[in-house]
Amino acid sequence: MTTIAPHGGTLVNRMIADEERPAALELAAALPSVALDARTLADLELIGTGGYSPLTGFMGLADYQRVIHEMRLAGGLPWSLPITLRVTQVKALRDTVALAAPGGAIAGLLEVREVYTHPKDAEAQLVYGTTDAKHPGVAQLYAQGDYLVGGDVRLLGRSAPAFAELALDPADTRRAFMERGWRTVVGFQTRNPVHRAHEYIQKTALETVDGLLLHPLLGPTKDDDVPAAARVASYRVLLERYYPRDRVLLAGFPAAMRYAGPREAVFHALVRKNYGCTHFIVGRDHAGVGDFYGSYDAQRIFERFAPGELGIQPLCFEHTFYCRRCDGMASGKTCPHDAEWHVTLSGTRVREMLRSGTLPPPEFSRPEVVQVLAAGLREVAA
Ligand SMILES: [Zn+2]
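So, here's what we can say about the structure. (Residues numbered from 1 in each chain as written. Predicted model: local features only at pLDDT ≥ 70, side-chain atom pairs only at ≥ 80, totals over all residues. Heavy atoms only, no water.)

1. As for the nonpolar core
Right, on to step 1. Of all hydrophobic cores here, the largest spans 69 residues; its most connected members are Tyr52 and Trp79.
Right, on to step 2. Top contributing element to this core by residue count: helix H9 (residues 262-274), with 6 residues.
Right, on to step 3. Ignoring any residue separated from it by four or fewer positions in sequence, one finds Tyr52 in contact with Asp43, Leu46, Ile47, Trp79, Ile83, Ala255, Arg258, Phe267, Val271 and Asn274.
Right, on to step 4. Grouped together as the second largest cluster of nonpolar side chains are 37 residues, Phe188, Ala205, Val237 and Phe364 included. (Core = buried A, V, L, I, M, F, W, Y, C linked by side-chain atoms within 4.5 Å. Buried < 20%, exposed > 50% of the residue type's maximum accessible area, 1.4 Å probe, protein only. Helix = DSSP H or I, 4+ residues; strand = E, 2+ residues; numbered from the N terminus. Contact = heavy atoms within 4.5 Å.)

So, in structure tokens, the structure goes:
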């Protein structure tokens, strides 16, 4: 039995073997080094572990240009987000340089192949659909350097994961799927707690495939998101009480959020293919922020690829809710009743309720989940 092939056919591995690490670290210490921000460090690690297969390094100009304009690598393979290393100065940038994590530790090596420039506002407009610095992904781009450095990388050291038991690389999840005999697996990306609406979508998808990879993003997100520890605790209690143990794998997704909406939805799907998923759930306003994107832009963008070209099947869902007339979970596709019968709450409203000690109704969120989240938010406030 085999799982789905990685994007481009081969799972990239750019990790330096344990026995070579001491010598490589010694070499790296003598090299000029480039400091990475948190987002670029996350990218380096995902290149190293094969999460970004077929990428073997930071993009050069040919890949970068075609990705931002056509959502394809130079060779034609679909890829929707530029994966770049931006630096402020290029003195001493030749041959091999060391890549340093924000804390200063050596994280990897880069073989410098090319250094180039490209206007940031053009990248912002093409990738994020806006040049507005209020967009968090655009703000982060503007904060980075003006020079782009392309070349292959090798991963020397890993940052300590926030939740070690959830730190599964693509090779690990692929092995887990094989061991469980899952031929088809649906991936679910989230940076939020799982409420009834998400549970409904996951289980609707799970009715047609063998397994579910619940793959919450545990890397850097916006400050107003629920703390990761409370979220992880809420996933655990939900899975324990309401999901069959042999149908779900919970793992952390170590990427940083870019909030690039539609393009990030395609990116999230391709990366999950590398983790071994055959299907990927795309919800309403996937990876969006504020009102920068239309509710269903992240679903429509998949139509720009020929069937089979991405290799992973997007499963698009509408906004779902509990309907008091239907007496169950539903969406605009399955419920004929007026909105007054629907139990819906915004994420902001839910956080307000949890902080003030008012619990959202059980039709919106499982009571066990609500209790864990409320406790987590009280801890932050205290
Ligand atoms: Zn209804």
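2. Considerations on the environment of Leu141
Right, on to step 1. Note that Leu141 resides in helix H5 (residues 136-143).
Right, on to step 2. For Leu141 and Arg258, which are 117 residues apart along the polypeptide, the C-alpha to C-alpha distance reads 9.4 Å.

3. Brief notes about unusual backbone geometry
Right, on to step 1. Put simply, Ser53 and Pro54 share a cis peptide bond, and its omega is 10 degrees.
Right, on to step 2. Looking at the secondary structure, you find Pro54 in the loop between helix H2 (38-49) and strand S2 (57-58).
Right, on to step 3. Phi is positive for Ala287, which is not a glycine, with a value near 60 degrees.
Right, on to step 4. Counting through the fold element by element, Ala287 comes out in the loop between strand S11 (279-282) and helix H10 (297-300).

4. Comments concerning the sheet that holds strand S14 (residues 328-331)
Right, on to step 1. Spatial strand order, S14-S13-S15: 3 strands in an open sheet with antiparallel pairing. Every other strand in the sheet has two partners, leaving S14 and strand S15 (342-343) as the edge strands with one partner each.
Right, on to step 2. Helix H7 (residues 196-206) contacts strand S13 (320-323) and S14 of the sheet and is inclined by roughly 80 degrees relative to S14. (Pairing = 2+ DSSP bridges. Axes fitted to C-alpha atoms, helices over the stretch in contact; angles between N-to-C directions.)

5. Observations regarding the pattern of salt bridges
Right, on to step 1. Counted by the stated rule, this structure contains 17 salt bridges.
Right, on to step 2. Salt-bridge contacts for Arg324 lead to Glu363; the nearest nitrogen and oxygen are separated by 3.4 Å. Highlighted residues: Arg324 in the loop between S13 and S14 and Glu363 in the loop between helix H11 (347-356) and helix H12 (367-381), separated in sequence by 39 residues.
Right, on to step 3. A single network of salt bridges, built from pairs that share partners, joins Glu45, Arg158 and Asp169. (Salt bridge = Lys/Arg side-chain N within 4 Å of Asp/Glu carboxyl O.)

6. Considerations on the state of the cysteines
Right, on to step 1. Overall, the coordinates contain 0 disulfides when judged by the stated rule.
Right, on to step 2. Of the cysteine sulfurs around Cys316, a residue in no disulfide, the closest is that of Cys277, at 15 Å. (Disulfide = S-S within 2.5 Å.)

7. Remarks on the coordination of the zinc ion
Right, on to step 1. The coordination sphere of the zinc ion contains the protein donors Cys323 (SG), Cys326 (SG), Cys335 (SG) and His337 (ND1), at a distance range of 2.1 to 2.3 Å.
Right, on to step 2. Because the angles between the 4 donor atoms bound to the zinc ion fall within 102 to 114 degrees, the donor set is best described as tetrahedral.
Right, on to step 3. If you list the donors of the zinc ion from N- to C-terminus, the spacing comes out as C-x2-C-x8-C-x1-H. One end of the pair, Cys326, is in the loop between S13 and S14; the other, His337, is in the loop between S14 and S15, and 11 residues separate them in sequence. (Donors = N, O, S within 2.8 Å, 3.2 Å for Na, K, Ca; no water. Tetrahedral: all angles 85-135°; square planar, octahedral: opposite > 155°, others 65-115°.)

8. Concerning the packing of aromatic side chains
Right, on to step 1. Scanning the entire structure with this criterion turns up 6 aromatic pairs.
Right, on to step 2. Considering the side-chain rings of Phe253 and Tyr275, the 6.2 Å spacing of their centres and the 80 degrees angle between planes classify their relative orientation as edge-to-face. Taken together, the residues Phe253 in the loop between strand S10 (248-250) and H9 and Tyr275 in the loop between H9 and S11 connect sequence positions 22 residues apart. Note on accessibility: Phe253 and Tyr275 belong to one class, buried.
Right, on to step 3. Through a chain of ring-to-ring contacts, the aromatic side chains of Tyr52, Trp79 and Phe267 assemble into a single cluster.
Right, on to step 4. One Lys or Arg, Lys203, reaches over the ring of Tyr243 and ends 4.5 Å from the middle of that ring.
Right, on to step 5. The positively charged end of Arg325 is found above the aromatic ring belonging to Trp341, 5.1 Å away from the centroid. (Phe/Tyr/Trp six-rings, centres within 6.5 Å; stacked < 30°, edge-to-face > 60°. Lys NZ or Arg CZ within 6 Å of the ring centre and 35° of its normal.)

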